[in-house]
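Descriptive structure summary
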Amino acid sequence: MAIREIITVPNPTLKLVSKPVEGVDDALRTLMDDMLETMYDAPGIGLAAIQIGEPVRVIVMDLQEKPEGAEPEAEGIKAPRYFVNPEIIWSSEELAPYEEGCLSVPEIYDEVMRPASVKLRYLNYHGEPVEEVATGLFATCIQHEMDHLEGILFIDHLHGHSGICRQGLGRTCRFRPRSRLCL
Ligand code: K1U
Ligand code: ZN
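Small disclaimer: the values here were computed from a predicted structure and weren't measured.

We now examine the site of ligand 1. Taken together, 14 residues lie around ligand 1, and Ile-45, Gly-46, Gln-51, Leu-103 and Glu-145 are the ones closest in. With respect to ligand 1, the side chain of Gln-51 contributes an N or O atom lying 2.8 Å from an oxygen atom. The contact in question runs from an oxygen atom of ligand 1 to an N or O atom on the backbone of Leu-103, over 2.7 Å. Mapped by element, the contributors of at least two residues to the shell around ligand 1 are β4 (95-100) and α2 (136-149). For the shell around ligand 1, the element with the highest residue contribution is α2, accounting for 4 residues. Grouping the amino acids of the shell around ligand 1 by side-chain chemistry returns 6 nonpolar, 6 polar and 2 charged.

Structure below.
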């Protein structure tokens, strides 16, 4: 396994639409292993392949929380998840807010509203088809990661913003003074 470089804004690769993969083979499992190691190292709770420069429809995730009272550097119990060619086949009308971050948009966190639940169809690590309903942080994270597959970043959802300030992140947004984004 290898830790790969996570690309960050304004790298134009993040705007690419990722391509479906033909199936799950050993080469793809090596990519998923590298993505997971890169995500744990960052650290993060999800990663799309495009964030390491690979424009394919593959996502990894681990939402497992550290046991209460564990040292910050302690290893948690790992619960890796893999999503190949994921599709959302149903979304709830109910929306839920979450203060999102992104490893490709360092140091910016802001609230995004997304469907509270979604039903997914994807291939798992072994290439088997899976359908399941995601709720809570799982629903938020998979929608955030699936946006990456379309070249969309969470900052593209922020009201009144078309993305990161072209002059850098130094200016203060008049709508969201803490976010350091501007129009
Ligand atoms: O860049 C990414 O796509 C990963 C991103 C996933 C995400 C976070 C929050 C809401 C939606 C999607 C991150 O992992 S940002 C870092 C983060 O949330 C985190 C890092 C360490 C511990 C706990 C959370
Ligand atoms: Zn992200």
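Now that the structure is up, let's keep going.
Attention now moves to the coordination of the zinc ion (ligand 2). Bound to the zinc ion (ligand 2) are the protein donor atoms Cys-102 (SG), His-144 (NE2) and His-148 (NE2), situated 2.1 to 2.3 Å from the metal. As a motif over one chain, the donors of the zinc ion (ligand 2) read C-x41-H-x3-H. Placement of the pair is Cys-102 in the loop between β4 and β5 (110-115) and His-144 in helix α2, with a sequence separation of 42 residues.

On to the environment of Leu-103, then. As for its placement among the helices and strands, Leu-103 is situated in the loop between β4 and β5. Counting along the chain gives 59 residues from Leu-103 to Gly-44, while the straight-line C-alpha distance between them is 7.1 Å. Contacts of Leu-103, omitting those with residues within four sequence positions, involve Ile-6, Thr-8, Ala-42, Pro-43, Gly-44, Gly-46, Leu-47 and Gln-51.

For the rest of this paragraph, the subject is the confidence of the model for the chain. As a general rule, the predicted coordinates of low-pLDDT regions are not to be interpreted in detail. Looking at the chain as a whole, the pLDDT averages 89, with 85% of positions reaching at least 70. Counting interchain partners and residues more than four positions distant, the pLDDT-below-50 stretch residues 162-175 has 26 contacts.

This next bit is on the side chain of Arg-114. Along the chain, Arg-114 falls in strand β5. Of note is the side chain of Arg-114, whose polar atom sits 3.0 Å from the side chain of Asp-147. Not counting chain neighbours up to four residues away, the residues in contact with Arg-114 comprise Glu-94, Leu-95, Ala-96, Glu-100, Thr-140, Gln-143, His-144, Asp-147, Phe-154 and His-157.

A few words now on the nonpolar core. Side chains of nonpolar character tend, in soluble globular proteins, to be buried together. Leu-28, Met-32, Met-35, Leu-47, Val-58 and Val-60 are the most contacted members of the largest nonpolar core, which totals 17 residues. Taken together, the elements giving at least two residues each to this core come down to α1 (26-41), β2 (58-61) and β3 (81-91). It is α1 that provides the largest number of residues to this core, a total of 6 residues. Leu-28 has contacts with Val-21, Gly-23, Val-58 and Val-84, leaving out every residue within four places of it along the chain. Membership of the second largest hydrophobic core comes to 15 residues, among which are Phe-83, Ala-139, Cys-141 and Ile-142.

Scoring rules and cut-offs
- Residues numbered from 1 in each chain as written.
- Chains lettered and ligands numbered in written order.
- Predicted model: local features only at pLDDT ≥ 70, side-chain atom pairs only at ≥ 80, totals over all residues.
- Heavy atoms only, no water.
- Near = heavy atom within 4 Å.
- Polar contact = N/O pair within 3.5 Å; in protein donor to acceptor, adjacent residues only side chain to side chain.
- Helix = DSSP H or I, 4+ residues; strand = E, 2+ residues; numbered from the N terminus.
- Nonpolar A, V, L, I, M, F, W, Y, C, P; charged D, E, K, R; others polar.
- Donors = N, O, S within 2.8 Å, 3.2 Å for Na, K, Ca; no water.
- Contact = heavy atoms within 4.5 Å.
- pLDDT = per-residue confidence, 0-100.
- Core = buried A, V, L, I, M, F, W, Y, C linked by side-chain atoms within 4.5 Å.
- Buried < 20%, exposed > 50% of the residue type's maximum accessible area, 1.4 Å probe, protein only.

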